[in-house]
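Structural description and commentary
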Amino acid sequence: MLRVDEVIKERLSTDVPLVREVAQYIISSGGKRLRPALLLLMSGALGSRHPQRHSLAAVVEFIHTATLLHDDVVDESTLRRGRETANERFGNAASVLVGDFLYSRAFQMMVDVDNMRVMQVLSEATNVIAEGEVMQLMNMRDASLDEEAYLRVIRSKTAKLFEASARLAPILAGADVETEALCATYGQALGTAFQVIDDVLDYEGDREVLGKNLGDDLREGKVTLPIICALRTASEGQKALIRGAIVEGDQTHLEEIQSIIQTSGALELATASATAEAQRAIQAARALPENEYSGALLELATELLGRRS
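Residues numbered from 1 in each chain as written. Predicted model: local features only at pLDDT ≥ 70, side-chain atom pairs only at ≥ 80, totals over all residues. Heavy atoms only, no water.

1. Points about the pattern of salt bridges
- By the definition in use, this model includes 18 salt bridges.
- Across the pair Asp-112 and Arg-11 runs a salt bridge whose closest N-O atoms are separated by 3.5 Å. Remark: Arg-11 occurs in helix α1 (residues 2–11) and Asp-112 occurs in helix α6 (residues 92–113); sequence separation between them is 101 residues.
- You can call Asp-112 partly exposed: its relative accessible area is 48%.
- Overall, Arg-11 belongs to the partly exposed group, its relative accessible area being 24%.
- Glu-61 is paired through a salt bridge with Arg-33; the nearest N and O atoms lie 3.5 Å apart. Of this pair, Glu-61 sits in helix α4 (residues 53–75) while Arg-33 sits in the loop between α2 (17–27) and α3 (34–45), and the two are 28 residues apart along the sequence. Residues Glu-61 and Arg-33 agree in their burial class; the two are buried.
- Through salt bridges with shared partners, a single ionic network connects Arg-117, Glu-124, Lys-160, Glu-163, Arg-167 and Glu-180. (Salt bridge = Lys/Arg side-chain N within 4 Å of Asp/Glu carboxyl O. Helix = DSSP H or I, 4+ residues; strand = E, 2+ residues; numbered from the N terminus. Buried < 20%, exposed > 50% of the residue type's maximum accessible area, 1.4 Å probe, protein only.)

2. A short note on the packing of aromatic side chains
- A complete count under the given rule lists two aromatic pairs for this structure.
- Measuring from ring centre to ring centre gives 5.4 Å for Tyr-25 and Phe-90, while their planes differ by 80°; the resulting arrangement is edge-to-face. With Tyr-25 in helix α2 and Phe-90 in helix α5 (residues 86–90), this pair connects stretches of sequence that are 65 residues apart.
- Arranged with centres 5.5 Å apart and planes meeting at 45°, the rings of Phe-162 and Phe-194 form a pair that is tilted. On the criterion of sequence distance, the pair formed by Phe-162 in helix α9 (residues 159–173) and Phe-194 in helix α10 (residues 177–204) is long-range, its members being 32 residues apart. Like Phe-194, Phe-162 is buried.
- Taking the ring centre of Phe-194 as reference, the NZ or CZ of Arg-35 above it sits at 6.0 Å.
- The aromatic ring of Tyr-25 is capped on one face by Arg-83, whose charged end is 3.9 Å from the ring centroid. (Phe/Tyr/Trp six-rings, centres within 6.5 Å; stacked < 30°, edge-to-face > 60°. Lys NZ or Arg CZ within 6 Å of the ring centre and 35° of its normal.)

Note that every value here comes from positions in space, so none of it alone points to a role or purpose.
Written as structure tokens, this is what we have:
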């Protein structure tokens, strides 16, 4: 990971000061670096030490960071990882354009790897992520959204890059298609569980620990799994209150709705869904060669359910 950070710093080099300042601000904001770590751990599990693994780990982090910059502009977010979002600090225009810079720099780097399959996986992932963002935009303030439609969005906008990160390791290792599919399954399941837990934390987390404003999803009109589960289990009056907040954007009863979600069993149902995805990742990890790296992948999937930030 230290080598990945070195690559990130090297490839952020630009003669345009504002690009460098905004990119460094968001890259250095204390992210978990889960996607690059996933690529490296999966490479280790397969016994691969391909020289391009650090470069591709930086690529997936650049793609992820670009999506964050654009997401925060679309969502009008003000807080991420405990500090001002880039759009709050530098403005929307700078955030969007620097996001574009990171995307284009990522594509420059993947061309350097000179592997058509790598380019295919990453270009498809980037396209699917964009589709997921548009699907989420279309679903805003739709109180009729069901779990299937919700999962379709998060598997596109979040889990797809986890899947691609995990899939790149067997491609670099020259592994067979069965191994590639196994790694991809782990990545998709882990990414799905990660996002579901993130959505749960939006209603039960701690603002200081989480590093973002609680209840942001509801304010933005995002119908996530805790809301979907609450609409299944709450009383008719409570359902009407929740639907009104979603459709009308009424923020008057945010605290009351948060209490309904916390007491209706919705968070437990959503967590159970995340647990099922984590178990799918665990099964995939157990099918990998047994070593310290696959053990770390197993531990990552197991401990994911306990995350608080």
